[in-house]
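# Chains, contacts and geometry: an overview
The chain contents come next:
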Amino acid sequence: MTQIGRKTAGPSLVSGLLRTARPRQWPKNLLVAAAPVAAGAHDGTTLAATGVALAVFCLAAPAVYFLNDVLDAGRDRAHPVRRLRPIAAGTVPEPVALACSAVLALAAMVLAAAWRLEAGGVIAIYLLVNGLYCLKLKHVPIIELATVASGFLLRAVFGGVMAGLALSQWFLIVVGSAALFMVAGKRSSELATLGRKAATTRPGLAHYSPGYLRFVWQASGTVAMTTYCLWAFELPGRQLTVIPLALAFLRYGWHVDRGEAGEPETVVLGDRWLLGLALAWAVLFVVGTARG
């Protein structure tokens, strides 16, 4: 029995560490390519910088997940689904998780700074902001929405810094407001799904009403689309990209309204119409860039 336990302990721990790193959420790290795509930059150096940026965030984001799950372990054990998270379930010991968080955070900063010093600063800001979120900010209404949205924005900023690209005000406003649109939609869906249990599973939700969250995701979506339209009509050949993007916003908003956007990455990757619209936008943008 002891030998069997020893044989299974290793794989169990490794599997638990991998699950805690949340590879299903890594697709959001593709936002590091947003600035190069928007700039139409596809030379070898930019592609290499984008690849390294993606690798860096696949280290930095799990560092935050490990810390968050350690701090939330007690609350997660009372949740019907989150109690199965490796740290809450005891599969991954908390000291091991904290050590992993520290190693991943350090590796991300070193790798980013080795490529470009300013990029190391952006990663340090990301880790600091998200560390504060795990410790305190997740319980502060409004601020927690902005903090989560900043994670998406910093990914896009980081990709631009790594590639040495100048980031326009239009780009920052579109990405920032679109991020808030998704985060508010996520909270709205969580509130609709959890109902009265919302406050016990995610205390920050106790401060919001369905009407307020609807106001936030509708307002931020409007800002994102309006700003993108103004931006696109200033860029030669990009005007038609407004159509698939507008339809994508409407499609995603439909999911939010139905309370289905609690996991944005699952919604995006699981909806073939959203994926089709994203592909249509990319094709039109690339063609427009070539013509412009």
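All of these numbers come straight from a predicted model, not from anything done at the bench.

The helix and strand tally for the protein stands at 14 helices and 0 strands. Going residue by residue from the N terminus, the α and β elements of the protein occur as α-α-α-α-α-α-α-α-α-α-α-α-α-α. By its C-alpha atoms, the protein is 70 × 45 × 30 Å across when sized along the principal axes. Put simply, the protein has 292 residues, and 43% of those count as buried. At a minimum sequence separation of 6, the contacts of the protein that also span at least 24 residues come to 71%. Of the roughly 14600 Å² of accessible surface on the protein, a fraction of 70% belongs to carbon and sulfur atoms. Taken together, the 26 basic and 14 acidic charged side chains of the protein have centroids lying 6 Å from each other.

This paragraph deals with the UniProt feature "transmembrane region" (unreviewed entry) in the protein. Residues given the UniProt feature "transmembrane region" (unreviewed entry) here are residues 47–67, 87–113, 119–135 and 273–290. Secondary structure content for residues 47–67 is 100% helix and 0% strand, and the end C-alpha separation is 31 Å. Secondary structure content for residues 273–290 is 100% helix and 0% strand, while the C-alpha to C-alpha distance between its ends is 26 Å.

Of note in this structure, Arg-22 is not a glycine but carries a positive phi near 55°. Tracing the backbone through its elements, the reader meets Arg-22 in the loop between α1 (2–20) and α2 (34–39). The exposure class of Arg-22 is buried, given its relative accessible area of 13%.

Attention now goes to the domain arrangement of the protein. Taken domain by domain, the protein holds domain 1 (13–167) and domain 2 (168–291). Distance from the C-alpha centre of domain 1 to the C-alpha centre of domain 2: 20 Å. Across the boundary between the two partners, domain 1 contributes 27 residues, which contact 28 residues of domain 2. Here domain 1 meets domain 2 over a buried area of about 2300 Å², counting both sides, of which 69% is carbon and sulfur. Among the residues of domain 1 in contact with domain 2, Ala-38, Leu-145 and Leu-167 are the three that bury the most area, contributing 23% of the side total. For the interface between domain 1 and domain 2, the tally reads 5 residue pairs in polar contact (both at pLDDT 80 or more). For the side of domain 1 that touches domain 2, the secondary-structure elements that each account for two or more residues are α2 and α8 (143–163). At 8 residues, the largest contribution of residues to the side of domain 1 that touches domain 2 is made by α8. Residue composition of the side of domain 1 that touches domain 2, by class: 17 nonpolar, 4 polar and 6 charged.

Of the residues in the protein, 93% have a pLDDT of 70 or more, and the chain-wide mean is 90. Overall, residues 1–9 carries pLDDT values under 50, and its contacts beyond four positions in sequence, including any with other chains, amount to 0 contacts.

Here the focus is the side chain of Arg-187. Topologically, Arg-187 is positioned in helix α9 (residues 169–194). For Arg-187, a relative accessible area of 1% corresponds to the buried category. Polar side-chain contacts of Arg-187 include one of 2.9 Å to the side chain of Glu-144. Beyond its immediate chain neighbours, meaning those up to four positions away, Arg-187 contacts Tyr-133, Glu-144, Leu-145, Val-148, Arg-202, Leu-205 and Leu-213.

Okay, the pattern of salt bridges next. The tally for this structure, following the rule as stated, stands at 11 salt bridges. Between Lys-186 and Glu-190 there is a salt bridge; the shortest N-O distance is 3.4 Å. Within this pair, Lys-186 and its partner Glu-190 are both found in helix α9, separated by 4 residues, close to a single helical turn. For Glu-190, a relative accessible area of 9% puts it in the buried group. Ionic pairing is found between Glu-190 and Arg-187, a salt bridge with its closest N-O pair at 3.3 Å. Taken together, the positions of Glu-190 and Arg-187, both in helix α9 and 3 residues apart, correspond to about one turn of that helix. Exposure class is identical for Glu-190 and Arg-187. Each is buried. Members of the salt-bridge network, linked through shared partners, are Glu-144, Lys-186, Arg-187 and Glu-190.

What counts and how
Residues numbered from 1 in each chain as written. Predicted model: local features only at pLDDT ≥ 70, side-chain atom pairs only at ≥ 80, totals over all residues. Heavy atoms only, no water. Helix = DSSP H or I, 4+ residues; strand = E, 2+ residues; numbered from the N terminus. Buried < 20%, exposed > 50% of the residue type's maximum accessible area, 1.4 Å probe, protein only. Contact = heavy atoms within 4.5 Å. Areas by Shrake-Rupley, 256 points an atom, 1.4 Å probe, with all protein chains shown as cover. Lys, Arg positive; Asp, Glu negative; His and termini not counted. Charge placed at Lys NZ, Arg CZ, Asp CG, Glu CD. UniProt positions renumbered as here; feature names shortened; annotations may be inferred. Domains from an automatic or database assignment. Buried area = accessible area lost by both parts, 1.4 Å probe. Polar contact = N/O pair within 3.5 Å; in protein donor to acceptor, adjacent residues only side chain to side chain. Nonpolar A, V, L, I, M, F, W, Y, C, P; charged D, E, K, R; others polar. pLDDT = per-residue confidence, 0-100. Salt bridge = Lys/Arg side-chain N within 4 Å of Asp/Glu carboxyl O.

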